[in-house]
Each structure stands twice: as C-alpha cells, then as structure tokens.
Amino acid sequence: MVNGRTVLERFPAGGPRGSWPAEEFAHARRLEGLPAEVVMDLATDAFLVIVRGGDHTE
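What comes next concerns the included structure.

**Looking at unusual backbone geometry**
For step 1, the next point in the chain: Backbone geometry at Asp45 places phi at a positive 55°, although glycine is not the residue there.
For step 2, the next point in the chain: Structurally, Asp45 is set in the loop between β2 (37-41) and β3 (46-52).
For step 3, the next point in the chain: Take Asp45: its relative accessible area is 48%, and that puts it in the partly exposed class.

If you want it as structure tokens, here you go:
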C-alpha cells in the first residue's frame, strides 16, 4: 500500500485501439465488492487499478 492506496493491477497505456483492459478489470473488481478505480501513473505510462485506503488485496 502506497499513499493509502493498494495497487491491484497495472496495464500499459498503449493498449490496442478500442480496448480498455484497466477499466474492464476495475469493473470486475467492483462487481466483487471492491471499490476499484483506474488512475494514470504518468511516471511509468501505465494505468493502475487501485483501491483507496484499507487493506484490500487480491
């Protein structure tokens, strides 16, 4: 956990056109009850699926 956030998964920003794997992954986690959201990590040019606060792990 970093800055009160747990990173569940990382996805490269350069995915195939029309593909949103980070959003799809986050949606599936929300269906499981985790308050997952997608944020951009500019330093690594990647989308991160995170859960804010608490101790949420896959």
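**Details of the environment of Arg29**
For step 1, the next point in the chain: Mapping Arg29 onto the fold places it in helix α1 (residues 21-31).
For step 2, the next point in the chain: Look at Arg29 and you get buried, because its relative accessible area is 10%.

**Concerning the sheet that holds strand β1 (residues 5-12)**
For step 1, the next point in the chain: With respect to topology, three strands assemble into an open sheet ordered β1-β3-β2, the strand pairing being antiparallel. A single partner strand is all that each edge strand has here, and the edge strands are β1 and β2. This sheet shows a mean twist of 35° between the axes of neighbouring strands, independent of strand direction.
For step 2, the next point in the chain: Of the strands in this sheet, β1, β2 and β3 touch α1, which is tilted by about 145° from β1.

**Things to note about the pattern of salt bridges**
For step 1, the next point in the chain: In this structure the tally under the stated criterion is three salt bridges.
For step 2, the next point in the chain: One salt bridge in this structure joins Asp41 and Arg10, with 4.0 Å as the shortest N-O distance. One end of the pair, Asp41, is in strand β2; the other, Arg10, is in strand β1, with 31 residues separating them in the sequence.
For step 3, the next point in the chain: The partner of Arg29 in a salt bridge is Glu32, with the nearest N and O atoms 3.0 Å apart.

Conventions adopted
Residues numbered from 1 in each chain as written. Predicted model: local features only at pLDDT ≥ 70, side-chain atom pairs only at ≥ 80, totals over all residues. Heavy atoms only, no water. Helix = DSSP H or I, 4+ residues; strand = E, 2+ residues; numbered from the N terminus. Buried < 20%, exposed > 50% of the residue type's maximum accessible area, 1.4 Å probe, protein only. Pairing = 2+ DSSP bridges. Axes fitted to C-alpha atoms, helices over the stretch in contact; angles between N-to-C directions. Contact = heavy atoms within 4.5 Å. Salt bridge = Lys/Arg side-chain N within 4 Å of Asp/Glu carboxyl O.

These figures capture arrangement, not role.
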